[in-house]
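# Structural description and commentary
Each chain, letter by letter, is given below.
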Amino acid sequence: MEKFVINGGKPLKGEVTISGAKNAAVAIVAATILCDEPCVLENVPDISDITICMKILSSMGAVVKLVNKNTYFIDTRGIKDPKVPYDLARTMRASTYFLGTLLGRFHNAYVAMPGGCDLGDRPIDQHLKAFASLGAQHELQSGEVHVHANELIGSQIYFDMNTVGGTINAIMAACKAKGLSIIENAAKEPHIVDLANFLNSMGADIRGAGTDVIKIRGVNYLKGITYGIIPDQIEAGTYMVAAAATKGDVIIKNVIPKHLESITAKLRKVGVTVIENDESVEVRVDGPLLKTSLKTMPHPGFPTDMQPQFSTMLTLAEGTSIITDDIFDNRFKYVSELRRMGADISVEGTVAVIQGTGSLQGSPVVATDLRAGAALIIAGLAANGVTEVENIHYIERGYESIDKKLKGLGADIKRVVVPDVDHMRMSS
Ligand code: EPZ
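Overview of the structure. Model, not experiment: these values are computed from the prediction. (Residues numbered from 1 in each chain as written. Predicted model: local features only at pLDDT ≥ 70, side-chain atom pairs only at ≥ 80, totals over all residues. Heavy atoms only, no water.)

### What about the site of the ligand?
Inspection of the region around the ligand gives 24 residues, with Asp125, Gln126, Thr163, Asp305 and Ile327 positioned closest. The contact in question runs from an oxygen atom of the ligand to an N or O atom on the side chain of Asn23, over 3.1 Å. A distance of 2.8 Å separates an oxygen atom of the ligand from a polar side-chain atom of Arg93. When the ligand is considered free in solution it has 830 Å² of accessible area, and contact with the protein chains removes 92% of it. Of all the elements in the fold, those that place two or more residues in the shell around the ligand are α1 (22-31), α5 (125-133), α6 (164-174) and α12 (370-382). (Near = heavy atom within 4 Å. Polar contact = N/O pair within 3.5 Å; in protein donor to acceptor, adjacent residues only side chain to side chain. Areas by Shrake-Rupley, 256 points an atom, 1.4 Å probe, with all protein chains shown as cover. Helix = DSSP H or I, 4+ residues; strand = E, 2+ residues; numbered from the N terminus.)

See below:
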């Protein structure tokens, strides 16, 4: 196990380059199963969720070659058995995407019930509802979902709530179905648009991605292509907030400013200067951070994946801020760790009340999930003294080389091996 040791209080300064979007990449890697020829994916983030996705593909019989750190050659024609290895599938939420893609190609799929960040209950009823609309049945046996259909017929798919994963799975299951499918109440995140663009570049017929109605006409054949993944809006937002929390001055490169609009608007509201260029944003703080109220919303609203990081920054603002995040049942697990650093936050259900204290004190803390871990790093960068962040494996699921990128901005952050206490006890 490893931890980050951060000596805080230094403003971040300089330039950082954003990697490919995790939540686009995991969907697009799964979607390669639908492709009838080999394809090449560029700007793939070097993160552990992608490593697991590639392991799943190769263990099922695909050819997966790393061309360079962020480029893969993938040929999935060798996959014959639509069954994802249980021990790999159960480790992450994105494994649900193999249901949609395997069903789309084989009309059959076996995938373990997903794991992933513990944000409360994360059912997949809407995914299964979408598959049923296309004519598929499902059973749950020993923790594995089996979805199957004699054939997939295009139809109306209506989601009861906004679901990113459900929308992604519906697109993949429908894009080779017979006839027209219409997805209503679709999620509009940039990673959904990126998946649709990837599939359309291969010859799919998907219109309306990025709006709440997506029309898909099934096709028989998808040709191989080379495709570049979009930059990660949440990684970019995380560095924007880190720059603000440390009162720094940072240029964040390789971004799509339009994807960051809700984050930019909120940062400006709390007194942060954000300058938007074509493919970069500059973030700097010239005065005190101000309080605000925030409610997370599906895109284009303020993303739930930015809530822990933004809330952490607000502990340094003047006044009382109110944060509502009801996208998930419980996305405030990190608050108890922030309290160790002197934060004054009370949580009632899906609402947090933050009394800005102006400063944080370094402390040993433990990451509870991916974005909570990023928030604790931001806290450590801003705090006086030394912060140790454990369970950094959560963070490395979604942030490429975060310690290296932060060092490049002047942060004093070290990666340290945590001795395995059990092992030491046994050997003594
Ligand atoms: C995706 O999760 C992302 N994960 C999450 O990012 C992100 O927080 C979330 O979308 C919302 O933007 C990936 O893309 C791999 P949902 P997903 O389906 O698809 C409920 C990160 O930090 N729901 O939009 O699981 C669900 O419980 C991760 O990068 C159902 O009830 O999110 C949740 O409360 C964390 N039934 C809400 O909807 C369903 O069938 C939104 O979930 C599906 C979802």
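### Considerations on the pairing of strand β4 (residues 63-68)
Pairing of β4 with strand β5 (residues 71-75) involves five bridges; the strand directions are antiparallel. The residue of β5 that forms the bridge with Leu66 is Tyr72. Connecting β4 to the antiparallel partner β5 that follows it, the hairpin turn spans two residues. (Pairing = 2+ DSSP bridges.)

### Overview of the packing of aromatic side chains
Using the criterion set out here, one finds three aromatic pairs in the structure. With a centroid separation of 6.3 Å and an interplanar angle of 40°, the aromatic rings of Phe332 and Tyr334 are classed as tilted. For the pair Phe332 and Tyr334, a shared accessibility class is recorded, and that class is buried. Sitting over the face of the ring of Phe73, Lys65 holds its NZ or CZ atom 4.9 Å from the ring centroid. (Phe/Tyr/Trp six-rings, centres within 6.5 Å; stacked < 30°, edge-to-face > 60°. Buried < 20%, exposed > 50% of the residue type's maximum accessible area, 1.4 Å probe, protein only. Lys NZ or Arg CZ within 6 Å of the ring centre and 35° of its normal.)

### So, the side chain of Thr296
Counting through the fold element by element, Thr296 comes out in the loop between β17 (293-295) and α10 (307-314). Within the structure, Thr296 has its side chain in polar contact with the side chain of Asp325 (distance 2.7 Å). Apart from the residues within four sequence positions on either side, Thr296 is in contact with Phe302, Pro303, Thr304, Gln307, Thr324, Asp325, Asp326 and Ile327. (Contact = heavy atoms within 4.5 Å.)

### What about the sheet that holds strand β2 (residues 13-17)?
Paired through their backbone hydrogen bonds, the strands of a sheet run either parallel or antiparallel. Spatial ordering of the open sheet is given by β2-β14-β16-β15, a layout of four strands whose pairing is mixed. Both edges of this open sheet fall to β2 and β15 (272-276), since each of them pairs with a single strand only. Taking each pair of neighbouring strands and ignoring which way they run, the sheet shows an average axis angle of 15°. Two strands pair when backbone bridges link them, and β2 and strand β14 (residues 249-253) are joined in this way by five bridges, in the parallel orientation. For Thr17, the partnering residue across the bridge sits in β14 and is Lys253. Set on the sheet, helix α8 (residues 233-245) makes contact with β2, β14, β15 and β16 (280-285); between it and β16 the angle comes to about 25°. (Axes fitted to C-alpha atoms, helices over the stretch in contact; angles between N-to-C directions.)

### A word on helix α2 (residues 48-59)
Here α2 is 12 residues long and its end C-alpha atoms lie 16 Å apart, about the 16 Å a rise of 1.5 Å per residue gives. Along α2, the residues that are buried comprise Asp49, Ile50, Ile52, Cys53, Met54, Ile56 and Leu57. Its buried side turned inward, α2 meets α1, β4, β5, α3 (86-89) and α4 (97-106). (Expected span 1.5 Å × (residues − 1).)

Interpretation in functional terms is not warranted from these geometric data alone.
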